[in-house]
Amino acid sequence: MQNERMEKEKIDKKDHILDVAERVFAEHGFDGASTRLISGEAGVNMAMLNYYFGSKEGLLLSIFERRTATFRDLIHVIGKNESISSWQKVVEYIEAYIGRVFNNNCFQKMIHQEMSVRRTGELADKITNMIMLNVNEFRKILHEGIEKGEFKRDIDTDMVVATVFGVKSQLLNAPQICSLMLGYDTQDPQNMEEKLKPRVIDYLKKLLKSYLLIENDNAK
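Cut-off values and rules
- Residues numbered from 1 in each chain as written.
- Predicted model: local features only at pLDDT ≥ 70, side-chain atom pairs only at ≥ 80, totals over all residues.
- Heavy atoms only, no water.
- Helix = DSSP H or I, 4+ residues; strand = E, 2+ residues; numbered from the N terminus.
- Buried < 20%, exposed > 50% of the residue type's maximum accessible area, 1.4 Å probe, protein only.
- Areas by Shrake-Rupley, 256 points an atom, 1.4 Å probe, with all protein chains shown as cover.
- Lys, Arg positive; Asp, Glu negative; His and termini not counted.
- Charge placed at Lys NZ, Arg CZ, Asp CG, Glu CD.
- Contact = heavy atoms within 4.5 Å.
- Expected span 1.5 Å × (residues − 1).
- Arc of directions from axis to C-beta.
- Polar contact = N/O pair within 3.5 Å; in protein donor to acceptor, adjacent residues only side chain to side chain.
- Core = buried A, V, L, I, M, F, W, Y, C linked by side-chain atoms within 4.5 Å.
- Salt bridge = Lys/Arg side-chain N within 4 Å of Asp/Glu carboxyl O.
- Phe/Tyr/Trp six-rings, centres within 6.5 Å; stacked < 30°, edge-to-face > 60°.
- Lys NZ or Arg CZ within 6 Å of the ring centre and 35° of its normal.
- Axes fitted to C-alpha atoms, helices over the stretch in contact; angles between N-to-C directions.
- Parallel < 35°, antiparallel > 145°, perpendicular 65-115°, else oblique.
- Left-handed = near helix turned anticlockwise from the far one by under 90°.

K.L.:
Please provide a residue-by-residue account of the overall build of the protein chain, values included.
P.N.:
Counting secondary structure elements, the protein chain contains 10 helices and 0 strands. In terms of overall dimensions, the protein chain has a C-alpha envelope of 65 × 45 × 35 Å along the principal axes. Considering the protein chain as a whole, with its 220 residues, one finds that 44% of them fall into the buried category. Total accessible area computed for the protein chain in this model is approximately 12,400 Å², and 50% of it derives from carbon and sulfur atoms. Each charge class in the protein chain was averaged separately, 31 positive and 33 negative side chains, and the resulting centres sit 1 Å apart.

Shown next as structure tokens:
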């Protein structure tokens, strides 16, 4: 019992450090944040941070691993659900993805920062590979819909993925323009939850339904 309690405390402490580090990286960027700043904000000493994560690079990778692995498990469950159609899987993916985007704003800022600085090397490759694993889970759902005859055979699955990611990136990473365009402050937490999130989900559902489903093929 004592060992279980100690293990839980260890996991809780690691999660706390990761939560703080995620916020600090989002605010200062990877290059601007230091492990000393993160350890101070988290209320732990440098020795503990290094023991758990080894380095600032290890800390960054652990954040990405935690976030992407959790969502990948969720997409995998959606994709393996044989009781629903491929279109319903797309709907569930959109709802889950946009929900997580708006609930994990710091992590989305981190993704944007890492993808925009054109970082190279092993660290960049590992981050890219983690993200692409999730992209491929969504692609599997799209290809399944094509194979089952539910989706049009000539759909561009890469552009579908780019569309979903692009809408998210534009709204989160250009808030001033989007606030003017949509008519309200898109960074206000209440507006994000009550106005922006449901609007984005509804838009993507309608857009992809028209593009993907054979029943909406006007070329027939």
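K.L.:
For the side chain of T68, give the residues involved together with the corresponding values.
P.N.:
Structurally, T68 can be placed in helix α4 (residues 56–80). Assessed through its relative accessible area of 4%, T68 is described here as buried. Discounting residues that sit within four places of it in the chain, T68 has contacts with F107, M130 and N134.

K.L.:
Could you give me a rundown of helix α8 (residues 157–173), with the residues and numbers involved?
P.N.:
The terminal C-alpha atoms of α8 lie 24 Å apart, and with 17 residues this matches the ideal 24 Å at 1.5 Å per residue to within 8%. Of the positions making up α8, those classed as buried are T157, V160, V161, V164, V167, K168, L171 and L172. Down the axis of α8, the buried set is contained in an arc of 130 degrees. They therefore lie on one face. N-capping of α8 is provided by D156, with a side-chain oxygen placed 3.2 Å from the backbone N of D158.

K.L.:
Before we move on, can you summarise the nonpolar core with the specific residues and values?
P.N.:
Counting residues in hydrophobic clusters, the biggest one holds 64 residues, and the most contacted among them are F25, L59, F64, V90, F151 and L212. Of all the elements, helix α5 (residues 86–103) adds the most residues to this core, at 10 residues.

K.L.:
Give a detailed account of the pattern of salt bridges, specifying residues and quantitative values.
P.N.:
A full pass over the atoms with the stated rule returns 14 salt bridges. Residue E22 is joined to R66 by a salt bridge in which the shortest nitrogen-to-oxygen separation is 3.9 Å. Here R66 lies in helix α4 and E22 lies in helix α1 (residues 2–32), a separation of 44 residues in the sequence. Residue E22 is classed as buried on the basis of its relative accessible area, which comes to 5%. The exposure class of R66 is partly exposed, given its relative accessible area of 21%.

K.L.:
Can you explain the packing of aromatic side chains? Please cite residues and give values.
P.N.:
Counted by the stated rule, this structure contains 9 aromatic pairs. When the centroid spacing of 5.7 Å and the interplanar angle of 5 degrees are considered together, the rings of Y93 and Y97 count as stacked. Placement of the pair is Y93 and Y97 together in helix α5, with a separation of 4 residues, close to one helical turn. Each member of the pair, Y93 as well as Y97, is classed as buried. Grouped by ring-pair contacts, the aromatic residues F71, Y93, Y97, F138 and F165 constitute a single cluster. Sitting over the face of the ring of F30, K56 holds its NZ or CZ atom 4.5 Å from the ring centroid.

K.L.:
I'd like to hear about the side chain of E144, residue by residue, with values.
P.N.:
By the secondary structure assignment, E144 is in helix α7 (residues 122–147). Separated by 2.7 Å, the side chains of E144 and S86 make a polar contact. Excluding anything up to four places from it in sequence, E144 contacts G79, S86 and K89.

K.L.:
Tell me about the packing of α5 against helix α10 (residues 189–212), and please be specific about residues and values.
P.N.:
Taken N-terminus to C-terminus, the directions of α5 and α10 make an angle of 150 degrees; their axes are 10 Å apart at the nearest point. Judged by the inter-axis angle, α5 sits roughly antiparallel to α10. Handedness of the crossing formed by α5 with α10: right-handed. Here W87, V90, V91, I94, E95, I98, G99, F102 and N103 of α5 come into contact with α10, specifically with M192, E193, L196, K197, V200, I201, L204, K205, L208, K209 and L212.

K.L.:
For the environment of H16, give the residues involved together with the corresponding values.
P.N.:
In this fold, H16 is placed in helix α1. You can call H16 partly exposed: its relative accessible area is 32%. Between the C-alpha atom of H16 and that of R153, which follows or precedes it by 137 residues, the distance is 46 Å.

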